[in-house]
Amino acid sequence: SPDQQLVNAPGLTCRLVSVLPSLLSSDCLTANIVKSHRETCQYRVEELQALRWKVFSREEVLAYQSKSVEEMWQRCAYRLTDSIQYVVEFAKRIDGFLELSQNDQIVLLKGGSLEVVLVRMCRSFNPDNGTVFFEGKFGGTEIFKSLGCNDLIASIFEFSQSLCALHLSEQEVALFTAVVLLNPERACLQEKEKVARLHSHVDVAFKNTLQRSHRDTVLSKLSQKTLQLKSLCSLHIDRLRLFLELRPLLAHSLFPPLYHELFT
Ligand code: CLR
């Protein structure tokens, strides 16, 4: 057996055995995270690519643009909340996540679920014409005009465009979103050390995977992305506050409860 050969090869064994445990456990974690991503990514990437020809017509774009600001915010909030629920499921399937305290699970999801959705967006984005899959077809920034936050929408689309330029594989998206989610720097964590340990395991798994596919250069580019994600999410919160301040009575009826809980 291969095990027997390993043991019988003196000299090699010692060096191999010293690196073997870390390689094996990180491969296991990679497999777990890739599987969790595959099971919770909402749409398969081949499926999305095959749908790229379905683009909103001029009339459909005009129909979106003539919707009220409230209706458009509500629609977007529902779509976002829907995809956040898949991210919650993703988190729960990552080895070790459910072993964290309930407080820390919530803190990580509150801080990271929108970031993960925005990373996942690059799978639903067509960089050739700058359109995203929304309510059954592909549309550009113009369909979100009535939200009244063109700066936020433009930044989100630019982010997706730049992430697409990295040509991340599904495996890389899976591992990067896990790294983003398990951020030990989130405020109000009770067991920061425990999260940091989990985070570093995933980080090692990600680095090993990139190294093996000669994609090490992706790493430094992704650390810039982490900063951009943070500013996109705070811009989202700002725009949401502004929207709600102008409509205090509507606030509670308009949005799905989970969206409220996460962002207001
Ligand atoms: C992200 C990847 C998910 C599927 C998905 C669902 C909803 C989409 C989202 C993706 C991308 C961003 C999106 C969102 C609905 C509204 C939002 C298009 C494709 C835009 C950017 C508007 C945000 C408005 C806020 C101000 C509420 O698997």
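All of these numbers come straight from a predicted model, not from anything done at the bench.

The rules behind the values
Residues numbered from 1 in each chain as written. Predicted model: local features only at pLDDT ≥ 70, side-chain atom pairs only at ≥ 80, totals over all residues. Heavy atoms only, no water. Near = heavy atom within 4 Å. Polar contact = N/O pair within 3.5 Å; in protein donor to acceptor, adjacent residues only side chain to side chain. Areas by Shrake-Rupley, 256 points an atom, 1.4 Å probe, with all protein chains shown as cover. Helix = DSSP H or I, 4+ residues; strand = E, 2+ residues; numbered from the N terminus. Nonpolar A, V, L, I, M, F, W, Y, C, P; charged D, E, K, R; others polar. Expected span 1.5 Å × (residues − 1). Buried < 20%, exposed > 50% of the residue type's maximum accessible area, 1.4 Å probe, protein only. Arc of directions from axis to C-beta. Pairing = 2+ DSSP bridges. Axes fitted to C-alpha atoms, helices over the stretch in contact; angles between N-to-C directions. Parallel < 35°, antiparallel > 145°, perpendicular 65-115°, else oblique. Contact = heavy atoms within 4.5 Å. Core = buried A, V, L, I, M, F, W, Y, C linked by side-chain atoms within 4.5 Å. Left-handed = near helix turned anticlockwise from the far one by under 90°. Salt bridge = Lys/Arg side-chain N within 4 Å of Asp/Glu carboxyl O. Phe/Tyr/Trp six-rings, centres within 6.5 Å; stacked < 30°, edge-to-face > 60°. Lys NZ or Arg CZ within 6 Å of the ring centre and 35° of its normal.

Caption draft 1: Up close: the site of the ligand. Taken together, 20 residues lie near the ligand, and Q42, W73, M121, L147 and I153 sit nearest. In the model, an oxygen atom of the ligand is placed 3.2 Å from a nitrogen or oxygen of the Q42 side chain. Alone, the ligand offers 610 Å² of accessible surface; in the complex the protein occludes 97% of this. Breaking the shell around the ligand down by element, the ones donating at least two residues are α5 (69–93), α6 (102–120), β2 (131–134) and α7 (150–164). In terms of residues, the shell around the ligand owes the most to one element, α5, which gives 5 residues. For the shell around the ligand, the per-class residue count stands at 14 nonpolar, 4 polar and 2 charged.

Caption draft 2: Structural view of α7. Taking 1.5 Å per residue as the helical rise, α7 with its 15 residues ought to reach 21 Å, and the 21 Å between its terminal C-alpha atoms agrees with that figure. Turning to α7, its buried residues are L152, I153, I156, F157, F159, S160, L163 and C164. When α7 is viewed along its axis, its buried side chains cluster within an angular range of 155 degrees and face the same direction.

Caption draft 3: Spotlight on the sheet that holds β2. Across the sheet, 3 strands lie side by side as β1-β2-β3; this open sheet has antiparallel pairing. Single-partner strands in this sheet number two, and they are β1 (125–126) and β3 (137–139). Across 3 bridges, the pairing between β2 and β3 is antiparallel. Within β3, the position partnered with V132 by the bridge is G139.

Caption draft 4: Structural context of the packing of α5 against helix α8 (residues 170–181). Between α5 and α8, the least distance of the axes is 11 Å, while the angle of their chain directions is 90 degrees. As summarised for this structure, α5 and α8 are arranged roughly perpendicular, according to the angle between their axes. On α8, the residues that touch V87, F90 and A91 of α5 are A174, T177, A178 and L181. Looking at the contact of α5 with α8 residue by residue, the classes come out as 6 nonpolar, 1 polar and no charged.

Caption draft 5: Main features of the nonpolar core. One finds I33, F144 and F255 to be the most contacted residues of the largest nonpolar core, which totals 72 residues. Broken down by element, this core gets its largest block of residues, 9 residues, from helix α10 (residues 217–245). Apart from the residues lying within four places of it in its own chain, the contact partners of F255 are W73, Q74, A77, Y78, L240, F243, L244 and H260.

Caption draft 6: The arrangement of the packing of α6 against α8 in detail. Interhelical geometry of α6 versus α8 gives an angle of 155 degrees and a closest axis separation of 8 Å. It follows that α6 is roughly antiparallel to α8 by the angle criterion. At the point where α6 passes α8, the crossing takes the right-handed sense. When α6 is examined against α8, the residues L108, L109, G112, S113, E115, V116, V119 and R120 are found in contact with a partner set consisting of F176, T177, V180 and L181. Within the contact of α6 with α8, the residues separate by chemical class into 7 nonpolar, 3 polar and 2 charged.

Caption draft 7: How the structure looks around the pattern of salt bridges. Taken as a whole, this structure holds 18 salt bridges when the rule is applied. The salt bridge involving R44 is made with E46; its shortest N-O contact spans 3.3 Å. One network of salt bridges, in which partners are shared, links K35, E39, E89, K92 and R93.

Caption draft 8: Looking closely at the packing of aromatic side chains. All told, the structure shown has 12 aromatic pairs when counted by the stated rule. Here Y64 and F134 contribute two aromatic rings whose centre-to-centre distance is 5.8 Å and whose plane-to-plane angle is 55 degrees, an arrangement assigned as tilted. Note that Y64 is positioned in helix α4 (residues 58–65) and F134 in strand β2, a separation of 70 residues in sequence. Residue Y64 is classed as buried on the basis of its relative accessible area, which comes to 8%. When the centroid spacing of 5.9 Å and the interplanar angle of 45 degrees are considered together, the rings of F243 and F255 count as tilted. Highlighted residues: F243 in helix α10 and F255 in the loop between α11 (251–254) and α12 (257–263), separated in sequence by 12 residues. Judged by relative accessible area, which is 5%, F243 ranks as buried. With a relative accessible area of 4%, F255 lands in the buried category. Over the ring of F90 we find R120, and its NZ or CZ is 5.3 Å from the ring centre.

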